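Letter by letter, the chains look like this.
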Amino acid sequence: MPMKNMKVRVFSIEEFSVYDGPGIRTTVFLKGCPLRCNWCHSPEGQDFKNYTLRSPNGCLECGACFDVCPTRRENCVACGKCIDVCPRNLIRFAAIDYEPQQLVDILLKNKDILSFNNGGITFSGGEPLAQYEGLKETVSLLKNKIHLALQTSGYAPREHFKEIVNQMDLVLFDMKIMDKEKAKEYEGINNELILENLKYLGTTDIPFIVRIPLIPGVVDTEENINAIISKIKDYSNLRMVELLPYNKYAGAKYKMAGKEYKPKFDESVPSNPRLGLFKEANISARVL
Ligand code: SF4
Ligand code: SF4
């Protein structure tokens, strides 16, 4: 039985995506994440709260959005008043809440095109498992209708991880920093849970792809990449590794969200994909 008034809080839905699993896909980004990766390029996906994002481009500095706001835009309560008064339509909510069936209807809108192109639907975030109940219900409504993929940090209670990945046709498993202390420093979490969930995934027959954001000098070091390889090389359900060079525009959305981007690494250093290490380990890898 679906929970009454259950909602899924979504911060973006991207149609016709070609980087989030096979074929052409619709990717839905669920709000909320327990990690605080220093390089995160979706600050609006981190917290569960809703608020407004204000684009600085084209602002008339008319002040209308401040005048109407009960908190002078200091602590948004998502009343929406500023959205209504902006003459340039520069303000929008960071998230939209959907009932699972509503969300499913949107995600299946292009079902025929997605299926024809060997694609499907990918759940991403934030960390989609952080909205476990809503995700579970949405997945149950989609199961066997279309190819389903989950992009996850792996940071979720084992039972939640297990329940959702067992409904998936593919898992995109993010791997970042292997050193426990550095993971705490740069991601804000204890990575043991992630490694435990990876181990579980390796015991299943669910195909998975490991995705590595190549943060220069932090994730892309020889030592760290070798440590990742040692954790994944023996899993027969590992399909490949996808390497994501650091996105120099990672900080762009922080201003809109009223936050400050403070990378603790040198952004000017190009990412090193270290493809040779994957080749040596006989793991198929590609740079996205
Ligand atoms: S929605 Fe706009 S007007 Fe309402 S509290 Fe948030 S910033 Fe202020
Ligand atoms: S209402 Fe719109 S145009 Fe006016 S200051 Fe606010 S964001 Fe800028």
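Everything below is about the structure printed above this text.
So, here's what we can say about the structure. (Residues numbered from 1 in each chain as written. Chains lettered and ligands numbered in written order. Predicted model: local features only at pLDDT ≥ 70, side-chain atom pairs only at ≥ 80, totals over all residues.)

## Considerations on unusual backbone geometry
This is how the line gets drawn: For the purposes of this entry, the term helix denotes a DSSP run of H or I that reaches at least four residues, the term strand denotes a run of E that reaches at least two, and both are numbered from the N terminus. Counting other C-beta atoms within 10 Å of each residue's C-beta, where C-beta atoms are placed from the backbone, gives the exposure class: buried for 20 or more, exposed for 12 or fewer, partly exposed between.
Cis geometry marks the peptide bond from Gly125 to Gly126; its omega dihedral reads 25°. Checked against the element boundaries, Gly126 lands in the loop between β6 (120-125) and α5 (132-142). Here the phi dihedral of Ala78 falls at roughly 55°; this positive angle occurs in a residue that is not glycine. Along the chain, Ala78 turns up in the loop between α1 (64-67) and α2 (81-85). Under the C-beta neighbour-count criterion, Ala78 is labelled partly exposed, with 13 such atoms within 10 Å. Residues other than glycine seldom take positive phi values, yet Arg274 does so here, at roughly 50°. Assignment of secondary structure puts Arg274 in the loop between α10 (252-256) and α11 (275-280).

## Considering the packing of α5 against helix α6 (residues 158-165)
To keep things clear, this is the line we draw: As a rule, the C-alpha atoms of each element are fitted with a line to give its axis, helices using only the stretch in contact, and angles between N-to-C directions run from 0 to 180 degrees. Should an angle lie under 35 degrees it is considered roughly parallel, over 145 roughly antiparallel, and from 65 to 115 roughly perpendicular; all remaining angles are considered oblique. Crossings are classed by handedness, with left-handed meaning an anticlockwise turn of the near helix from the far one by less than a right angle and right-handed meaning a clockwise turn. Two residues qualify as a contact pair if the distance between their C-beta atoms, derived from the backbone, is within 7 Å.
For the pair α5 and α6, interaxial distance at closest approach is 10 Å and the crossing angle is 15°. In terms of orientation, α5 and α6 fall into the roughly parallel class. Every pair of crossing elements has a handedness; the one defined by α5 and α6 is left-handed. The residues of α6 that touch α5, namely those facing Tyr132, Leu135, Lys136 and Val139, are His160, Glu163 and Ile164.

## Notes on the nonpolar core
Keep this limit in mind: Note on terminology: a nonpolar core is a set of buried residues of type Ala, Val, Leu, Ile, Met, Phe, Trp, Tyr or Cys, with members joined through C-beta atoms within 7 Å.
Counting residues in hydrophobic clusters, the biggest one holds 64 residues, and the most contacted among them are Val10, Leu150, Ile164, Met168, Val171, Phe173 and Ile212. Considering every element that reaches this core, the biggest residue donor is strand β9 (residues 208-214), with 5 residues. In this view, Ile164 contacts Leu129, Leu135, Lys136, Val139 and Leu150; residues no more than four positions away in its chain are not counted.

## Section: helix α3 (residues 100-107)
Within an α-helix, residues lying three or four positions from one another point in the same direction, as the helix has 3.6 residues per turn. Formally: What the arc measures is the spread of directions leading from the helix axis to the C-beta atoms.
Of all the positions in α3, only Pro100, Leu103, Val104 and Leu107 are classed as buried. For α3, the arc enclosing every buried residue in end-on projection is 100°, short of the 170-degree limit, so these residues lie on one face. Opposite the buried face of α3, by more than 90 degrees, sit the exposed residues Gln101 and Asp105. Elements in contact with the buried residues of α3: β1 (8-17), β2 (25-30), β5 (96-98), β6 and α5.

## Concerning α6
Within α6, the full set of buried residues consists of Phe161, Ile164 and Val165. One side of α6 carries all its buried residues, which in axial view fall inside an arc of 90°. At its buried positions, α6 is contacted by α5, β7 (147-152), β8 (170-174) and α8 (192-203).

## Things to note about the pairing of β1
Heads up, the rule is: Being paired, for any two strands, means DSSP has found at least two bridges between them.
Across 3 bridges, β1 lies against β5 in antiparallel orientation. Looking across to β5, one finds that Val8 is bridged to Tyr98. As defined by bridge partners, β1 adjoins β2 across 5 bridges and the pair is classed as antiparallel. Bridging across to β2, Glu14 finds its partner in Thr27.

## Focus on the environment of Thr52
Tracing the chain through its elements places Thr52 in strand β3 (residues 52-54). On the neighbour-count criterion, Thr52 (24 C-beta atoms within 10 Å) is buried. In this structure the C-alpha to C-alpha distance between Thr52 and Gly251, which are 199 residues apart in sequence, comes to 17 Å. Residues within four places of Thr52 in sequence aside, it is in contact with Cys76, Cys82, Ile83, Ile91, Arg92, Phe93 and Ala94.

## Details of the environment of Glu196
Locating Glu196 in the fold gives a position in helix α8. The exposure class assigned to Glu196 is partly exposed, which follows from the 13 C-beta atoms found within 10 Å. Taking the C-alpha atoms as reference, Glu196 lies 8.7 Å from Gly154; in sequence the two are 42 residues apart.

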